[in-house]
Amino acid sequence: MPDFAIGESDFLLDGRPFQIISGALHYFRIHPDCWADRIEKARLMGLNTIETYVPWNLHSPRPGVFDTSGLLDLGRFLREVAAAGLYAIVRPGPYICAELDNGGLPAWLFRDSSVGVRRYEPAFMAAVTQYLQDVLEIVRPLQIDQGGPVLLVQVENEYGAFGDDQTYLKAVAEVIRTAGTTVPLVTVDQPTDAMLAAGGLDGVLRTASFGSRVRSRLETLRKHQPTGPLMCMEFWDGWFDYWGGRHHTTSAADAAAELDALLAAGASVNIYMVHGGTNFGLTSGANDKGVYRPTVTSYDYDAPLDEAGNPTEKFHAFREVISRYAPVPDELPTVPPAAAEFSVALADPIGLLQGCGGAWSEHTELPTLDELDARLAIFRTELRHGGPALLTFAEVRDRVQVFLDGAPVGVLERERHERSIMLPHTRGRLELVVEDQGRVNYGPRIGEPKGLIGPVRLGAEEVTGWSACGIDLDKLPQLWGSAGPTPSALGIGPTAWRTTFETDGASDLFLRTDAWGKGIAWVNGFCLGRYWRRGPQETLYVPAPLLEQGQNTLVVLELEVMDTPTATFTGSASLGFTDL
């Protein structure tokens, strides 16, 4: 079997120096039937290795569950990497950041506030141990010394930016080792003295994450890693977007020049990302460094392969650089023809304030979304006061729409630090539509609960006696089986729509959302993700494997108001982002 090891100054493959030229592909952000295509295009760019994170929260949506179906079939993904003749790097965390909801940590784990977050605490470590054992049961037989593609496994992720609990880091490394990992282990941190010191482990190769100033970053890394190969585990070639911000792009020429400097220095590299993919469903996270910024659905990342897997200017620039240091295949990827644009009318509206499609429960105090196990919920109470009064929440996480007797009063948003709204009167039915827009994935707010936090007050008086309905978004496409259309609810509160459309089932599509408000869309029962008029994202990617030849179904949950109830599909991503 092949042998892979860490030498005095290089990685050694069967005893010979080996420069890793890797790119990040996250299997959970790509339709499984597209994995082989994206891996092959990465190979054609000149890569010899594919890296992926492993998302604990997606594999384990409930305690005791470890799902490996569909987008989560890690074993199939790694076998497809091997079939393409490439190697693999696996980064299982348990924390991965990755702009993923809660940084990849399961929300259910922190419903007990005594559970530690990324530290040596018994309940957290017990859960981490089980998770890593589940992951490594898949990875173990796919290591290079057993005939598989896996060269390296990472311990935690940029831990030096979060804490300095060496007992915790050593325990995570020990779990990984005792689960049968025989390939070398690595850590990664941003190249500062403090972070490399706090996040590194003796006996484990330190790597760094950066996208510029290669020489100085490698010098800092070498101070903390006196021997062994130098590696940039995350060479940032682009960036992610948040709702209401600009679409991030980086110069292909500048990024290629930095990559050239890195490879010329003899360092190994993992390009983050070679292809970003999509935050399907409600998987995107958020950042909060004083202002809450939820991440958009697209994870295009301005990568060499765009969201639909097509090569960009950056692909060709990187390929040319890599060709100076390693063999690059002669072939180039082909770009399929784009489908023609077409539109269909949305129909059969159901107003969720009239029928949420779920069970109502009774509560003295307002429950959190975590207590309801929901990402979106409706709360209702009867007010018996009279005149105008100020409605106040201790904290809004992340958005609440306020209705009185079915009429909209206003919206409060976390990112604007809004916590109160004036009610024009206080007699009648008060309804709150509360939305989780993505859990913070970086920093001290990881693991926090969602919803309306703390007491709700009307003037100085606490409001009690609530009914709550957590909306099961997985079942929303089947809502029409339990409720009839409610045309009178159009434009008032969250409204579900549906339609059918015809395709050849062979071409990718992009669902235009620029004429809609804010909401979520499904095609053939698969959740494409969130959309928002706020931008910069203006389309939702629909990979061809989701589509049937002939009739397909689209379901849209609109939380605000559509300009027109029409769905438009295009074959081009040219309308994908707007500059604000």
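S.K.: In this structure, what is going on with empty space enclosed by the protein? I would like to understand it.
M.R.: Unfilled space is identified by rolling a water-sized probe across the atoms. Scanning all chains against the criterion turns up 4 cavities of 30 Å³ or more. When its volume is computed, the largest cavity comes out at roughly 50 Å³. Lining the largest cavity, in full, are L282, R375, L376, E435, D436, L473, I520, R530 and L559. Its residues assigned to classes, the lining of the largest cavity comprises 5 nonpolar, no polar and 4 charged.

S.K.: Just checking my understanding: could you explain the sheet that holds strand β2 (residues 11-13) for this structure?
M.R.: Sheet strands pair via backbone hydrogen bonds, and the direction of the pair is either parallel or antiparallel. Strands sit in the order β1-β2-β3 across an open sheet of 3 strands; the sheet is antiparallel. The two strands at the open ends of the sheet, each matched to only one other strand, are β1 (4-6) and β3 (16-18). Across the sheet, the mean angle separating the axes of adjacent strands is 40° when strand polarity is ignored. Pairing between β1 and β2: 3 bridges, direction antiparallel. Across the sheet, residue A5 finds its bridge partner in β2, namely L12.

S.K.: Would you mind going over the environment of A198 with me for this structure?
M.R.: Its place among the elements puts A198 in helix α6 (residues 193-199). Residue classification places A198 among the buried positions, given a relative accessible area of 15%. Note: C-alpha distance between A198 and L262 (64 residues apart in sequence) is 24 Å. Look past the residues within four positions of A198 in its chain and what remains in contact with it is Y159, G160, G163, D164, Q166 and L169.

S.K.: Honestly, the packing of helix α4 (residues 122-139) against helix α5 (residues 166-178) in this entry has me stumped. Any pointers?
M.R.: How two helices pack is summed up by the angle between their axes together with the distance between the axes. The interhelical angle for the contact between α4 and α5, taken along N-to-C directions, is 30°, at an axis separation of 9 Å. Here the hand of the crossing between α4 and α5 comes out right-handed. The segment α4 lies against α5, with F124, M125, T129, L132 and L136 engaging Y168, A171, V172, V175 and I176. Its residues assigned to classes, the contact of α4 with α5 shows 9 nonpolar, 1 polar and no charged.

S.K.: Help me understand the sheet that holds strand β22 (residues 427-435), please; the structure alone is not making it clear to me.
M.R.: Strands sit in the order β16-β25-β17-β22-β19-β20 across an open sheet of 6 strands; the sheet is antiparallel. Sheet topology places β16 (360-363) and β20 (407-413) at the edges, where each strand pairs with a single neighbour. With strand direction ignored, the average angle separating the axes of adjacent strands in the sheet is 20°. Pairing of strand β19 (residues 399-404) with β22, which is carried by 6 bridges, proceeds in the antiparallel orientation. Across the sheet, residue V400 finds its bridge partner in β22, namely V434.

S.K.: Help me understand the packing of aromatic side chains, please; the structure alone is not making it clear to me.
M.R.: Where two aromatic rings form a pair, the distance of their centres and the angle of their planes describe that pair. Using the criterion set out here, one finds 28 aromatic pairs in the structure. Ring centres of W239 and Y301 lie 6.4 Å apart, and the angle between their planes is 40°; on these two criteria the pair is classed as tilted. Linking W239 in the loop between β10 (231-236) and α8 (252-264) with Y301 in the loop between β13 (292-294) and α9 (313-322), this pair joins segments that are 62 residues apart in sequence. A network of ring pairs unites the aromatic residues W56, F66, F110, F124, Y131, Y159, F162 and Y168 as a single cluster.

S.K.: What should I look at first to understand unusual backbone geometry in this one?
M.R.: Residues other than glycine predominantly adopt negative phi, and peptide bonds predominantly adopt the trans conformation. Residue P94 follows G93 across a cis peptide bond; omega there is 25°. Here P94 shows up in the loop between β6 (87-91) and α4. The phi dihedral of D405 falls on the positive side, at around 50°, and the residue is not glycine. For D405, the location among the structural elements is in the loop between β19 and β20. Phi is positive for H417, close to 60°, though the residue is something other than glycine. Mapped onto the elements of the fold, H417 is located in the loop between β20 and β21 (420-423). Overall, the relative accessible area of 51% leaves H417 in the exposed class.

Analysis parameters
- Residues numbered from 1 in each chain as written.
- Predicted model: local features only at pLDDT ≥ 70, side-chain atom pairs only at ≥ 80, totals over all residues.
- Heavy atoms only, no water.
- 1 Å grid on protein atoms, 1.4 Å probe; cavity = no way out; pocket = protein on both sides within 12 Å on 5 of 7 lines; lining within 4 Å.
- Points joined across faces, edges and corners; volume = space filled by probe spheres on them.
- Nonpolar A, V, L, I, M, F, W, Y, C, P; charged D, E, K, R; others polar.
- Pairing = 2+ DSSP bridges.
- Helix = DSSP H or I, 4+ residues; strand = E, 2+ residues; numbered from the N terminus.
- Axes fitted to C-alpha atoms, helices over the stretch in contact; angles between N-to-C directions.
- Buried < 20%, exposed > 50% of the residue type's maximum accessible area, 1.4 Å probe, protein only.
- Contact = heavy atoms within 4.5 Å.
- Left-handed = near helix turned anticlockwise from the far one by under 90°.
- Phe/Tyr/Trp six-rings, centres within 6.5 Å; stacked < 30°, edge-to-face > 60°.

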